[in-house]
Amino acid sequence: MSSTTDSRAAGGTRRRWRGPRTWLATLPLLAFTGLCFGIPLGAMAYGAVTRTDLASGVTQVTGEHLARSLQGPYLGSLIGSLQLSALTALVGGVLGVVIAQAVVTSRSAGLRSAALTASGVLANFGGVPLAFAFIATVGISGVVTQLADLTALGWNLYSFTGLTVVYLYFLIPLMVLVIAPALDGLRPQWREAAQSSGATGWQFWRHVGLPVLAPSLLGGFVLLFGTAFAAHATAAALVGGSVPLVTLKIADALSGNVLTGQENVALALGLDMILIAGLVMAVYLPLQRRSARWLR
């Protein structure tokens, strides 16, 4: 009994000593996070809730900027970003799962490697180069537009629909990268056990596959939503202000393209985005941990 107690005490001592060492090891990361994220976030929050009188130089706390960020065209841009993000995340998630399932079940190792490598490249291809590629291909004077006469079919790249197609170009590969490991985690023994019990393929997916993959699927949707919601350069180069998006509205307010003196409203819009992103991460992280527990 005494030896057991001594070993537990020694283990407790080791655990107590491991804690401070762990915290010391994370101090550089915490300092970097606070410097690169904490200070800008604090400055944004401060500017969003304060107003400085130019004549007297007095700074007062106010909720005027936050209130204006949820009214009129600012609210419309926020709703437009939410609609675009939800639509592209849903369509990209479904198509990404279908492609990932085809890749995972393929017997060709070369096809799997090529598909995952291409997904890794395409998921990080965005911004002005992506917008230029689509303009040159399916824009008003694009090669494919002229050859297939897409204009007569009502196609318009510089619209909500066109922007949705462009966003899917990098969101579908991102979903493939996210969901492929989860599909790999579905053990063959589960399918064999279901077949031995007389279950069909649909019954296996309904009662085993989808419930196990549900956290990963929802987590992938949330990740795609957040990626589309925060995207700016592609939309700015492609549609400008013709499609109401919150990132474009922030850029206009900061540069004074529409009205001057709207910098604090832009900071309030940025704070709104951070709050939405925080909610997205609050949903994504627990789902990621839950899916990892099932698919180890």
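The rules behind each value
- Residues numbered from 1 in each chain as written.
- Predicted model: local features only at pLDDT ≥ 70, side-chain atom pairs only at ≥ 80, totals over all residues.
- Heavy atoms only, no water.
- Patch = residues over 30% accessible without salt bridge, like charges linked within 9 Å, V, L, I, M, F, W, Y side chains within 5 Å.
- Areas by Shrake-Rupley, 256 points an atom, 1.4 Å probe, with all protein chains shown as cover.
- Salt bridge = Lys/Arg side-chain N within 4 Å of Asp/Glu carboxyl O.
- Helix = DSSP H or I, 4+ residues; strand = E, 2+ residues; numbered from the N terminus.
- Contact = heavy atoms within 4.5 Å.
- Buried < 20%, exposed > 50% of the residue type's maximum accessible area, 1.4 Å probe, protein only.
- UniProt positions renumbered as here; feature names shortened; annotations may be inferred.
- Core = buried A, V, L, I, M, F, W, Y, C linked by side-chain atoms within 4.5 Å.
- Expected span 1.5 Å × (residues − 1).
- Bend = angle between axes of the 7 residues up to and from the residue.

**Some details on a nonpolar patch on the surface**
Then, in step 1: Together, Leu87, Leu90, Val91, Val94, Leu95, Val98 and Phe160 make up a nonpolar patch on the protein surface, roughly 550 Å² of accessible area in all.
Then, in step 2: Sorting elements by how many residues they give to the nonpolar patch places helix H3 (residues 72-104) first, with six residues.
Then, in step 3: Relative to the helices and strands, Val91 is located in helix H3.

**A closer look at the side chain of Ser119**
Then, in step 1: Looking at the element boundaries, Ser119 is found in helix H4 (residues 109-122).
Then, in step 2: With residues near it in sequence (within four places) discarded, Ser119 still touches Pro173, Val176 and Leu177.

**A short note on the pattern of salt bridges**
Then, in step 1: Summed over all chains, the structure comprises two salt bridges.
Then, in step 2: A salt bridge links Glu64 to Arg51; the nearest nitrogen and oxygen atoms lie 2.6 Å apart. Taken together, the residues span a long stretch of sequence, with Glu64 in helix H2 (residues 64-69) and Arg51 in strand S1 (residues 50-52) at a distance of 13 residues.
Then, in step 3: The partly exposed category is assigned to Arg51, whose relative accessible area is 39%.
Then, in step 4: The salt bridge involving Arg112 is made with Asp184; its shortest N-O contact spans 2.4 Å. A residue pair is termed long-range when its members are at least 10 positions apart, and Arg112 in helix H4 and Asp184 in helix H7 (residues 160-184) qualify at 72 residues.
Then, in step 5: The exposure class of Arg112 is partly exposed, given its relative accessible area of 25%.

**Some details on the UniProt feature "transmembrane region" (unreviewed entry) in the protein chain**
Then, in step 1: Following the UniProt record, the feature "transmembrane region" (unreviewed entry) maps to residues 23-46, 82-104, 116-140, 160-183, 212-245 and 265-287 here.
Then, in step 2: Between the C-alpha atoms that bound residues 23-46 there is a distance of 29 Å. The span itself is 100% helix and 0% strand.
Then, in step 3: In the segment residues 212-245, helix accounts for 74% and strand for 0%; the C-alpha atoms at its two ends are 35 Å apart.

**Remarks on the nonpolar core**
Then, in step 1: Leu163, Tyr167 and Leu245 are the most contacted members of the largest nonpolar core, which totals 50 residues.
Then, in step 2: Listed by contribution, the elements that provide at least two residues to this core are H3, helix H5 (127-138), H7, helix H9 (201-230), helix H10 (233-238), helix H11 (246-255) and helix H12 (263-294).

**Topic: H7**
Then, in step 1: Compared with the 36 Å implied by 1.5 Å per residue over 25 residues, the 35 Å span of H7 between its first and last C-alpha is a close match.
Then, in step 2: Within H7, the axis deviates most sharply at Leu168, by approximately 35 degrees.

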